[in-house]
Structures are given as structure tokens and as C-alpha cells.
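Letter by letter, the chains look like this.
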There are 2 protein chains.
Amino acid sequence: MPQRLAGVFAPVITPFSADLSPDSHLLVRHCQWLLSQEVGLAIFGTNSEANSLSVSEKRMLLDKLIEADICPSLLMPGTGSCALSDAVELTCHATELNCGGVLMLPPFYYKDVGNDGLYGFFSEVIQRVGDANLRIYLYHIPPIAQVEISLSLIERLCTTYPDQIAGIKDSSGDWNHTRQLNALGINDFRVFCGSESFLLRNMQAGGAGCISATVNVNPAAIVRLFKNWQSADAKLQQNQLDTIRDLFQHFPMISALKTVTALYSDEPSWSRTRPPLVSLTSSQQQDLSQELALINFQMPNLQTE
Amino acid sequence: MPQRLAGVFAPVITPFSADLSPDSHLLVRHCQWLLSQEVGLAIFGTNSEANSLSVSEKRMLLDKLIEADICPSLLMPGTGSCALSDAVELTCHATELNCGGVLMLPPFYYKDVGNDGLYGFFSEVIQRVGDANLRIYLYHIPPIAQVEISLSLIERLCTTYPDQIAGIKDSSGDWNHTRQLNALGINDFRVFCGSESFLLRNMQAGGAGCISATVNVNPAAIVRLFKNWQSADAKLQQNQLDTIRDLFQHFPMISALKTVTALYSDEPSWSRTRPPLVSLTSSQQQDLSQELALINFQMPNLQTE
């Protein structure tokens, strides 16, 4: 049986070649660097442009990571989809490859579908995958998905599937909601905050860690706070994380993460996004570089080859 | 070169077998009935639960319709997707099969992406499909997609791709917006309203017809108004259409359409939806039947076998 997950996870950004196909070579390299920084790999998240990829592209990338000897127990691929058939296919594949868990969006096309419909969706996925090793981390991100995973839905799913429903990523941006999730009292239910801005408070509330965009570029410092949240300088560490997070939030986040990764890895192709996302303009890139230089920002040893 | 489309189109509901796989046999039969009522087939729309289907399921259904000798020029399949690769694959397939056009949602996961990103998406699709016969009808449905296709985006796309961008379906629910679309002054740009409630006004404004949920159940009367919108009793006809539309809008629309189709075709499996949608409750089904009986509603000759 897989252990439930805890720690700091990167929703790993996805590199694209000039023809906009996903570049598995660069992805493997970035994942290896992230693992060297002691973070787990929440590939195929919002920051991964995962919904801009087909299921077959995601299967291919996952296969390439496993072929590169990346330990599957450190992988938490996003496998949610609007289509039941797509969610089942990718979740099956991840589970067969022994991924530590999957991060699952609700189906997000229809709005106002209600708890019965969402329960039906997750329930069908679990039953169709039919694998005792499946561990689902629900993905609550109402600002983007525009479909919520309510507290009562979580309780209902955990009652029926206490082994399969292992936790949640809360990207509501609302600390009070993360607090409520930690207070649900469900046995070993793992609550990850969706931004390191809430990491200290989440750990104090009994949370399991964070899965956050900026883990792609600032993993070591975030891991340090995760490990030392009970230390005397934890609040100071939190403030330092917030400074970097705030800087990135002045820009379109995903494009900014890719620009910075391109800069520090000396791989210009990292700055490419797939439509509908757009890369930073030259002016935005300059501003970002200057702001990072002002705070002596680094991504150490990013060039691993 | 394909003619641009005009008329009344059904966003064809999709039947599911007990295992929730799409039932191509029942779909073919319903499409044949709709064609007998003189409406076109906008398969894979919102009312088709198209985003609840995988690309391979949609390819299979489209192939089955063609194999059943349904004329491809009367087909306007929905081929939009969050993923560029999925949109390209399905649009290629539809174009190779000589469909009259495709109805294309914007990528709808990321919100607030801006015109440049959406332009980039549609532009990449058109260039990758690379077929002079491609005819795209844009699908504007902000209440559900939560991503808009703005007037300025339409103008920009039509300037670059005057042959490929053939029109739009406006499901904004806002007559003033449909009016603005008709007033854009783009050569032969076909404006379909997303509800027959706007059909008379759309025809008066120079529009091309409608693509509407309730065409699935009330096609003949809607076609009658389309053909006779300049007749003396057009307003009376519009009022009669509105009565039926309003009745259906008291219920969850897609489930109500399926319930009624199940009832009149004597095929109970039609009432099945795929999660996250849910079927009408028994009580809702009874209420719907009673309300329909009160207005002597019929779906003539629905049982074609």
C-alpha cells in the first residue's frame, strides 16, 4: 500500500519545443533538479499547462519520467479531466506505474452541477480504475476551475472511499478554507496548501505541506520552512518566502516561472508556452530579471548536464 | 469549397449505454429523425455532453454517422478543446470527412487569457489543420466556458483568415450582443443565435439561423419560423416557440431533453447522462411529462425503426 504523501511538491512546468510539442528531455532534467532540491513532482497541474495537453501527450511524458528512473512514489500527476473516459485512462496509467498519488480536478466544463454529479464522477473514476493502490488528492481551485469541491462532498467521498481519497490541494487562496479542511477531522486526510504563503499556518494547523507554483523556482527555501516550521525563525523564513512569491505574482505566473527557468538553465526554449498562454514580453522579462537581481535570487545547480 | 451554413441546427444530445459508453446506434437514429425534420446536426456541443467525451469517443461517433450515410455537409461537429492537440486532431478528422463546418469553443481552462492567447490558439489550429475547406464557426458561451470570444478577436481572426472563420454561435443569452455580431459588417459572417427565443430577431437582423438545445425536441416548429420569419404570423410563431422553451428551462436542460426523448422514442436509456450531469429525478420526470401534456407537446415519428 502506498504511503500517503507529505512535503513540498512542484506543479512542474512543462517545456515545449519550437513546434509546441512537449519536450520530455528538458522535463526530465527539470524534474531531476527538483528532486535534488528534495521536492516531490506534481506534474500535470495548472502550472504545467496540463489541460493544454492531450491524454496521449501526458502518458508519453509520464512514461519518459519513469524510463529516466524517476521514483514513481514521488510523483503526483494531475489526472482530472472534463471527460470521465480521459480521467479514467490517465488515472489507470498513473496507478499502474505506481505513482504515489494523483491530483484530481473536478470536471470543470459544466458549472453548478452540484454534489451528486461530482460525487458520481469521482466515484465512477475510482470504481473503473479499480486498484487498491489508487490514492486521490482532490484539487480544489475554484478561481480557475469555477467548480468547487465542497466540504460536504469531501466528507461523502471519504466515507465511501476512505482508502482512495487521501487528501486535497487547496488553491482557493482563502486561508479560512484551508483551516476548515484541516479541522474536518477525517482520519489522515492530507491537506496541502496551494501557495507557500500559507505554509507555516498550514503546518501549524496540522497540514501535510504545500503544492505551489513557485516551488518550481524556489524549492530549497520552501523545503527549509517545511522541515523547520517549529523553529524560532519560522516566521522570518515565511516572510522571506512571501517576498519571492509576491515578486512573481506581479507577472503572469506560469510565463514568469518559465522565463526564469530559461534564464537560469540557459535553455531559451523554456520560455515558450502553449496557446492560449503567452510568453512574457521582452519588457516584462527585463523587469522580472531586474527585480530578481535586486533580491539576489538564485536557482542553484539548475544546469545538471 | 463548402457553402457557408444557414438554418436550424440541433446540438444533438448523446445517448449512453448502461456502462456509460456512447451509444452510436441510438445517436444515428436520433440524427436521422432530426434530418427528417429538416435541421442540421451540431453534434458535440454543450447539450451533447461533448466535453464529457474523449477525442477517440467523438471520432468513433462521427465515423458511425458517416458510415450510416448521413450527409457530412449537414454536420457541424464541436471540435474545440482546452488542449491544442485535441482541437487539431478532431478538427482535422471532421474536415477530412467533409463536414460542413466545425463549431469551436475557445480553450476554457485558463481564465482571463486575453485576445493574444486566444488568437494564438485559433490561429495554430487553422494552420495545423491546413485545409482550405476548413470552416470554423466560433462558439461564444461565456456563462459556461467563462472565456469570451470578443468582437475585436473576431475581427482580427476574420482579417487573417477570411475563408476559414465562417461565423459564430452566440450563446451569451444577451440579445444586444447578438445584434452587435450581426452589425459587425464582416462579409458573409454567419451569426447563429444560441436559443430559438432570439430566432425572429436574429433573422430580422440578418442572422443565419439558430443552434439551440430545444431543437432536439421541437425541430419542426423552429424550422417553420426560420422559413417564414417574414410572414404575418411570425411573432405568433415566436411566442409559441417561447412557450415550449420556457417549459424546458424550468428543468436542468440537458437531462430534460434526454428524458423527453426517452419518453417519445420509447427508449428508456436516452434518459441516462454521463457524470457530472445527473438524470432528472422521478418527481422531475413526472412534472415535465405533465407540463408537456398540458400543451399537447409531440415529437412526431420519433421511432424510426
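Scroll up to find the structure this text is about.
Residues numbered from 1 in each chain as written. Chains lettered and ligands numbered in written order. Predicted model: local features only at pLDDT ≥ 70, side-chain atom pairs only at ≥ 80, totals over all residues. Heavy atoms only, no water.

What to know about the pairing of strand β5 (residues 165–170) of chain B
All names here are of chain B. Under the convention used in this document: Three exposure classes are used, based on accessible area relative to the maximum for each residue type with a 1.4 Å probe and protein chains only: buried under 20%, partly exposed in between, and exposed over 50%. Secondary structure elements follow DSSP: runs of H or I of four or more residues count as helices, runs of E of two or more count as strands, with numbering from the N terminus. DSSP bridges decide pairing: two strands pair if at least two such bridges lie between them. By convention, a crossover is right-handed whenever its connection, traced from the first strand over the helix to the second and viewed with the strands pointing away, goes clockwise.
Across the 6 residues of β5, 6 count as buried, placing the element largely inside the fold. As defined by bridge partners, strand β4 (residues 136–140) adjoins β5 across 5 bridges and the pair is classed as parallel. Opposite tyrosine 139, over in β5, you have lysine 169 as the bridge partner. As paired strands, β5 and strand β6 (residues 190–193) are joined by 4 bridges and run parallel to one another. The residue bridging aspartate 170 from the neighbouring strand is cysteine 193, located in β6. Running through helix α7 (residues 175–182), the crossover from β5 to the neighbouring parallel element β6 is right-handed.

Some thoughts on the interface of chain A and chain B
This is how the line gets drawn: Throughout, a residue-residue contact means that at least one pair of heavy atoms, one from each residue, lies within 4.5 Å. Once two parts are joined, some of their accessible surface, as seen by a 1.4 Å probe, is lost; buried area is that loss totalled over both. Salt bridges are defined by distance alone: a side-chain nitrogen of Lys or Arg within 4 Å of a carboxyl oxygen of Asp or Glu. Any N or O atom pair separated by 3.5 Å or less is treated as a polar contact, with the protein-specific requirement of one donor-capable and one acceptor-capable atom, and with residues adjacent in sequence counted only for side-chain atom pairs.
Between chain A and chain B, the residue contacts involve 41 residues of the former and 41 residues of the latter. With both sides pooled, the region where chain A packs onto chain B buries about 3,000 Å², and carbon together with sulfur makes up 64% of that total. The largest share of the area that chain A buries against chain B comes from Tyr109(A), Tyr110(A) and Pro276(A), three residues that together contribute 27% of it. Scanning the region where chain A abuts chain B turns up 0 salt bridges. Run the count over chain A and chain B and you get 18 residue pairs in polar contact (both at pLDDT 80 or more).

Thoughts on the relation of the copies chain A and chain B
Applied cut-off: Residues below a pLDDT of 70 in either copy are left out; the C-alpha atoms of the rest, at least 70 in both, set the least-squares superposition of the copies.
When chain A is fitted to chain B, the best match, at an RMSD of 0.0 Å, comes from turning it 180 degrees and sliding it 0.0 Å along the axis. Here the transformation between the copies is reduced to the relation of a two-fold axis. Most of the interface of chain A is mirrored in chain B: 100% of its interface residues are interface residues there too.

With respect to the sheet that holds β4(B)
All names here are of chain B. On the basis of which strands lie adjacent, the open sheet formed by 7 strands has the order β2-β1-β7-β6-β5-β4-β3 and parallel pairing. Strands with a single pairing partner mark the edges of an open sheet, and in this sheet they are β2 (40–41) and β3 (102–104). Examined bridge by bridge, strand β1 (residues 7–10) and strand β7 (residues 209–211) share 3 bridges and lie parallel to one another. Along β7, the bridge assignment pairs phenylalanine 9 with isoleucine 211.

Focus: the nonpolar core
Just so we agree on the cut-off: The term nonpolar core refers to a set of buried residues drawn from Ala, Val, Leu, Ile, Met, Phe, Trp, Tyr and Cys, joined through side-chain atoms within 4.5 Å.
In this structure, Phe248(A) and Phe248(B) are the most contacted members of the largest nonpolar core, which totals 213 residues. Residue contacts for Phe248(B): discarding those within four places in its chain leaves Thr214(B), Val217(B), Met253(B), Ala256(B), Leu257(B), Val260(B), Leu292(B) and Phe297(B).

Details of unusual backbone geometry
Residue Pro276(A) follows Pro275(A) across a cis peptide bond; omega there is 15 degrees. Look at Asn296(B): it is not a glycine, yet its phi comes out positive at around 55 degrees. Positionally, Asn296(B) belongs in the segment after α12 (282–294). A relative accessible area of 63% places Asn296(B) in the exposed class.

Structural notes on the environment of Phe226(A)
Locating Phe226(A) in the fold gives a position in helix α9 (residues 219–227). With near-sequence residues (within four places) excluded, Phe226(A) lies in contact with Ala6(A), Gly7(A), Val8(A), Leu199(A), Met203(A), Ala208(A) and Gly209(A).

Examining the packing of helix α10 (residues 234–249) of chain B against helix α11 (residues 253–265) of chain B
All names here are of chain B. Put simply, the test is: Axes here mean lines fitted to C-alpha atoms, for a helix over just the part in contact, with angles spanning 0 to 180 degrees between N-to-C directions. Relative orientations are named as follows: roughly parallel for angles under 35 degrees, roughly antiparallel for angles over 145 degrees, roughly perpendicular for angles from 65 to 115 degrees, and oblique for any other angle. Any residue outside Ala, Val, Leu, Ile, Met, Phe, Trp, Tyr, Cys, Pro, Asp, Glu, Lys and Arg is labelled polar, Gly included; the first ten of those are nonpolar and the last four are charged.
The geometry of α10 relative to α11 is characterised by a closest axis approach of 9 Å and an angle of 110 degrees between their N-to-C directions. In terms of their interaxial angle, α10 and α11 are classed as roughly perpendicular. Residue-level contacts link Arg245, Phe248 and Gln249 of α10 to Met253, Ala256, Leu257 and Val260 of α11. A per-class count over the contact of α10 with α11 returns 5 nonpolar, 1 polar and 1 charged.

Considerations on empty space enclosed by the protein
Residue and element names in this part refer to chain A. To be explicit about the condition: Think of a 1 Å grid over just the protein atoms. A cavity is a set of points where a 1.4 Å probe fits yet cannot get out, a pocket is an open set with protein on both sides within 12 Å along at least five of seven lines, and lining residues have an atom within 4 Å of a point. Grid points are joined across faces, edges and corners, and a volume is the space filled by probe spheres set on the points.
For the coordinates displayed, the defined rule picks out 5 cavities of 30 Å³ or more. For the largest cavity, the calculated volume is near 90 Å³. Looking at the lining of the largest cavity residue by residue, the class counts come to 7 nonpolar, 6 polar and 1 charged. When its volume is computed, the second largest cavity comes out at roughly 70 Å³. What lines the second largest cavity is Phe44, Gly45, Ala50, Asn51, Lys58, Gly78, Thr79, Gly80, Leu103, Leu105 and Tyr139. The residue inventory of the lining of the second largest cavity, partitioned by class, reads 5 nonpolar, 5 polar and 1 charged.

With respect to helix α3 (residues 84–96) of chain A
Residues spaced three or four apart along an α-helix point in a common direction, a consequence of the helix completing one turn every 3.6 residues. Quick reminder of the rule: Here, expected helix span is obtained from the residue count minus one, scaled by 1.5 Å.
For α3(A), built from 13 residues, the straight-helix expectation of 18 Å at 1.5 Å per residue is met to within 8% by its first-to-last C-alpha distance of 18 Å. Within α3(A), 10 of the 13 residues are buried, which leaves the element mostly enclosed by the surrounding structure. Looking at the buried positions of α3(A), the neighbouring elements they touch are α2 (55–67), β3 (102–104) and α4 (114–129) of chain A together with α2 (55–67) of chain B.

Describing the environment of Gly7(B)
All names here are of chain B. Looking at the element boundaries, glycine 7 is found in strand β1. Sequence-wise, glycine 7 and alanine 208 are 201 residues apart; in three dimensions their C-alpha atoms are separated by 6.2 Å. When neighbours within four sequence positions are excluded, glycine 7 is seen to be in contact with Phe192, Ala208, Gly209, Cys210 and Phe226.

Remarks on the sheet that holds β3(A)
For sheets, the rule is that strands pair by backbone hydrogen bonds, running either parallel or antiparallel. Within the open sheet, the 7 strands sit side by side as β2-β1-β7-β6-β5-β4-β3 (chain A). Their pairing is parallel. Taken across any chain shown, the strands that pair with only one partner, and hence form the sheet edges, are β2 (40–41) and β3 of chain A.

Topic: the pattern of salt bridges
Residue and element names in this part refer to chain A. Counted under the stated rule, the structure contains 18 salt bridges over all chains. Across the pair arginine 29 and glutamate 267 runs a salt bridge, and its minimum N-O distance is 3.5 Å. Within this pair, whereas arginine 29 is found in helix α1 (residues 24–36), its partner glutamate 267 is found in the loop between α11 (253–265) and α12 (282–294), the two being separated by 238 residues in sequence. We classify glutamate 267 as partly exposed; its relative accessible area is 22%. When the shortest N-O distance is used, the salt bridge between glutamate 57 and arginine 274 registers 2.8 Å. Residue glutamate 57 is located in helix α2, and its partner arginine 274 is located in the loop between α11 and α12; the two are separated by 217 residues in the primary sequence. Both residues of the pair, glutamate 57 and arginine 274, belong to the buried class.

What to know about α10(B)
All names here are of chain B. Relative to the 22 Å expected for 16 residues at 1.5 Å per residue, α10 spans 22 Å between its end C-alpha atoms, a close match to the ideal helical length. Along α10, the residues that are buried comprise Ala234, Gln237, Gln238, Leu241, Asp242, Ile244, Arg245, Leu247 and Phe248. Those residues of α10 that are buried are in contact with α8 (199–204), α9 (219–227), α11 and α12.

A few points about the packing of aromatic side chains
Which entries qualify depends on this criterion: Side-chain rings of Phe, Tyr and Trp, where Trp is taken by its six-membered ring, are said to pair if the distance between their centres is within 6.5 Å; with planes under 30 degrees apart they count as stacked, over 60 as edge-to-face, and otherwise as tilted. Counted as over-ring charges are cases with an Arg CZ or a Lys NZ within 6 Å of the ring centre that also lie within 35 degrees of the ring normal.
Taken as a whole and judged by the stated rule, the model has 17 aromatic pairs over all chains. Arranged with centres 5.9 Å apart and planes meeting at 75 degrees, the rings of Tyr137(A) and Phe192(A) form a pair that is edge-to-face. Here Tyr137(A) is found in strand β4 (residues 136–140), whereas its partner Phe192(A) is found in strand β6 (residues 190–193), with 55 residues between them in sequence. Given a relative accessible area of 0%, Phe192(A) falls into the buried group. Relative to Phe297(A), the ring of Tyr264(A) has its centre 5.6 Å away and its plane inclined at 80 degrees; by these criteria the two rings are edge-to-face. Separated by 33 residues along the polypeptide, Tyr264(A) in helix α11 and Phe297(A) in the segment after α12 bring together distant segments of the chain. The class of Phe297(A) is buried, set by a relative accessible area of 5%. One aromatic cluster is present, formed by Phe108(A), Tyr109(A), Tyr110(A), Phe108(B), Tyr109(B) and Tyr110(B) through successive ring pairs. Positioned over the ring face of Tyr119(A) is Arg156(A), at 4.0 Å from the centre of the ring.

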